[in-house]
Amino acid sequence: MRQKTVRRAGGFGQALLICGMLAGCTAQHYHPAPIAADHTAAAFEARRLTDPGLRTFAEQALGPAAWPPPSWDYRTLSLAALYFNPSLDAARARIAESQAQMLTAGARPNPSLGLTPGIPSPYLLTLDLSFPVETAGKRGYRLQAARSLDLAARLELSQAAWSVRSSVRAALVDYLEASQTLEQLRAEADLRTEEVRLLEATASAGEIARQEVSTAEIELSRAHTAVAEAVARSVESKAALAAAIGIPVVALEGVRLAWPEWESPPSAKSLPRDEIERDAVLNRLDVRAALAQYAAAESSLQLEIAKQYPDIDIGPGYTYEEKRSYFTVGFAATIPLFDRNQGPIAEAEAHRRQAEAQFVQTQTTAISSSERALALYDAALEGFAEAGRFADLQTSRRESTRKSVDAGEEGRLDLDAAEIELSVAVRARLQALAQAQRALGDLEDVVERPLAPGDALPAVPLSATPRSRP
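Here the residue index of a chain counts from 1 through its sequence in written order. This being a predicted model, a pLDDT of at least 70 is required before a residue's local features are given, and a value of 80 or more before pairs of side-chain atoms are given or counted; all residues contribute to the totals for chains, interfaces and linings. Hydrogens and water molecules were not included; the side-chain quantities draw on all heavy atoms of the structure.

A. Molecular detail of the overall build of the protein. For the purposes of this entry, the term helix denotes a DSSP run of H or I that reaches at least four residues, the term strand denotes a run of E that reaches at least two, and both are numbered from the N terminus. When helices and strands are tallied, the protein shows eleven helices and four strands. The classification of residues rests on relative accessible area computed with a 1.4 Å probe and restricted to protein chains. Under 20% of the type maximum is buried, over 50% is exposed, and intermediate values are partly exposed. In the protein, buried positions account for 36% of the 470 residues. Only heavy atoms matter for contacts: two residues are in contact if any of them lie within 4.5 Å across the pair. Excluding contacts between residues fewer than 6 apart, the proportion of contacts in the protein whose partners are at least 24 apart in sequence is 79%. Here the accessible surface of atoms and residues is derived via Shrake-Rupley with a 1.4 Å probe, and residues count as covered only by protein chains that are part of the display. Accessible area of the protein: about 26,400 Å², with a carbon and sulfur share of 57%.

Right, here's the structure in full:
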C-alpha cells in the first residue's frame, strides 16, 4: 500500500510537471529593442523624398502612374508626411496598446491547482482543482469598454493624420507667400536701383535737386532691408515645411513646389453654413473620440456595478488520508458583507460625468468655432477680392504709363514709379491671398475634412509604414 501511495503521489507530481512544461512552451519571451540616439539621428538626416519606401507607400494610395509627381503640392507633401512624420507612429502605438487591452479584457481567468502533502507523508495528501467563474457579465462589460477605447485610439490616429496634413498645408502657405514676396521685393529693389541711377544722372545735369536723389536712396535702402527680411522668412518657412513633413531641410533642395489651386480658393457660396455646422458636430474626429470615451466610461460603470455580485470558484478536490480516498466538489465566493464596491462605483460615476462634460464641451466648441471660422473666411475672401481689384487698377495705370512713355509724353522715371506702385499692390494681393488660404485652412480644421474640390486625404494605414518598422 505504501508503494501504491507513493506511485499515486508521483503521478500527481508528474501532472504538475507536465502543466509547468506546457506553460513554459507557450510563454512569450522578452526581446530587447534598444534605441541608439546616433543611429536615429543619422536615419533622420538620410531621409529624402526619393525614398523607395515612400514610392511604394504613395503608389498604394495614388497608383503607380501618379508617382513621382512632376511638382510637389500640399497633397503629395501630405502623403510624404504620412510616411515620415513620427507623430503617426505614436498614434499607431496607442492603437496597438488598445488592441492589447482588448486581449486583456477578453481573457478568461485560469484555473488553479493546489497540492498539499501532509505529515507523515505520503499518508496524507490533498489535491484541489479550482475553476473561477465570473458572474453578472463582467467580461462583456470589460470588452465593451476596451472596444470603445480602441475606437477612440483609431480616431486619434485619424486626427493625428489630419493634424499632419494641416501643418503641411499651413507651412506651404507660409513658404509660398514668403518666396513670392521675396521675388516681388527683389524686383522692386531692382526698380529702385534703376530709379536712383536715373535721378543721379538728372541731378548731375542740374535738372533736379540732390534732395530727390537722397530720398530715392533711402527708399532703396529700405527695399534692401525688406529683401533681407524676406530671405530670412523664406528660409524659416522652408525649415517649418520640412519639419511638418518630418524630413531634414536639405531634402527639399532642388524640389519643385507648386500649388495649382493656390490662387483659386473656393467661394463662400460653395460652403453652405448648414453643411459646415453639421460637419463640425458630426464629422470632427475629436467629437467622435469624445463620444467613444463616454461609451467606455459607461461600460466601466456597468462593470463596477456588476462587481457587487461576487465571482465564484468551483472545482473538484481529492484527499488521501490513512489509506482512504475522499472526493469532494468545492465552492467558494467572497461574501459582500462590508464592502459593496461603493467606492469604485462612485469613481466610475464621476468618470462618466466627466466624460459627458468633456463631450459637451468639445461639441460646443466645435459649433462655435465653425461659425467664427466661416465668418473669418468670408471676410478674408472679400479682402482678397478687394486687393485684386486694386492690383488690376495699378496694372491698368502701369500700362497707361508705358504707352505714354512710348509716345514720349512721360519719362522712364514715371514708368518706374508706376512699376513700384504695382509691385506694392501685387504684394498686398499676395498677402490677402495667403490670409484667405489660412482662413480656409482654419475652416477645414474646424470640420476636419478638405473643403476644396479634389482635396481628398488618402487613407491612413493602421500598421506601421515600411520606414517605421524595426
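B. Layout of the sheet that holds strand β2 (residues 124-133). Here, strands pair whenever DSSP counts at least two bridges between them. Spatially, four strands are ordered β1-β2-β3-β4 in an open sheet, and the strand pairing comes out antiparallel. Every interior strand has two partners, whereas the edge strands, β1 (112-117) and β4 (324-333), have only one. When strand polarity is set aside, the average angle formed by the axes of neighbouring strands in this sheet is 15°. Here strand β3 (residues 312-321) runs beside β4; their pairing, made up of ten bridges, is antiparallel. The residue of β4 that forms the bridge with Ile314 is Phe331. To get an axis, a line is fitted to the C-alpha atoms, and for a helix only the part in contact is used. The angle between two axes follows their N-to-C directions and goes from 0 to 180 degrees.

C. Main features of the pattern of salt bridges. Note on definitions: salt bridges are taken to be side-chain nitrogens of Lys or Arg within 4 Å of carboxyl oxygens of Asp or Glu. In this structure the tally under the stated criterion is 32 salt bridges. Among the charged side chains, a salt-bridge network with shared partners connects Glu188, Arg192, Glu195 and Arg427.

D. Spatial organisation of the packing of aromatic side chains. Centre distance within 6.5 Å is the pairing criterion for rings of Phe, Tyr and Trp, where only the six-membered ring of Trp is used; planes under 30 degrees apart are then read as stacked, over 60 as edge-to-face, and the remainder as tilted. Throughout the structure, instances matching the rule amount to four aromatic pairs. Taking the centre distance of 5.6 Å and the plane angle of 40° together, the rings of Phe57 and Tyr83 count as tilted. Separated by 26 residues along the polypeptide, Phe57 in helix α3 (residues 52-62) and Tyr83 in helix α4 (residues 74-84) bring together distant segments of the chain. Among the aromatic residues, those joined into a cluster by ring pairs are Phe57, Tyr83 and Phe84. We call a charge positioned above a ring when the Lys NZ or Arg CZ atom is no farther than 6 Å from the ring centre and deviates by at most 35 degrees from the ring normal. The ring of Tyr74 has Arg169 sitting right over it, with the charged end atom 5.7 Å from the ring centre.

E. Inspection of helix α10 (residues 342-406) at higher detail. Helix span, as expected, comes to 1.5 Å for every residue beyond the first. Given a rise of 1.5 Å per residue, 65 residues ought to cover 96 Å, and the 94 Å separating the end C-alpha atoms of α10 matches this to within 8%. Of the residues flanking the end of α10, it is Gly408, one or two places downstream, whose phi is positive at about 80°.

F. Examining the nonpolar core more closely. To qualify as a nonpolar core, a set must consist of buried Ala, Val, Leu, Ile, Met, Phe, Trp, Tyr and Cys residues joined through side-chain atoms within 4.5 Å. Among the nonpolar cores identified, the biggest contains 63 residues, and Leu54, Leu241 and Ile245 are the most heavily contacted of them. With eleven residues, the single largest contributor to this core is helix α6 (residues 138-204). Each residue touching Ile245, except ones within four places of it in the same chain, is listed here: Leu77, Ala80, Ala81, Phe84, Asn85, Val168 and Leu252.

G. Seen up close, helix α7 (residues 210-245). Relative to the 52 Å expected for 36 residues at 1.5 Å per residue, α7 spans 53 Å between its end C-alpha atoms, a close match to the ideal helical length. Looking one or two residues past α7, Gly246 carries a phi angle of roughly 100°, positive in sign.

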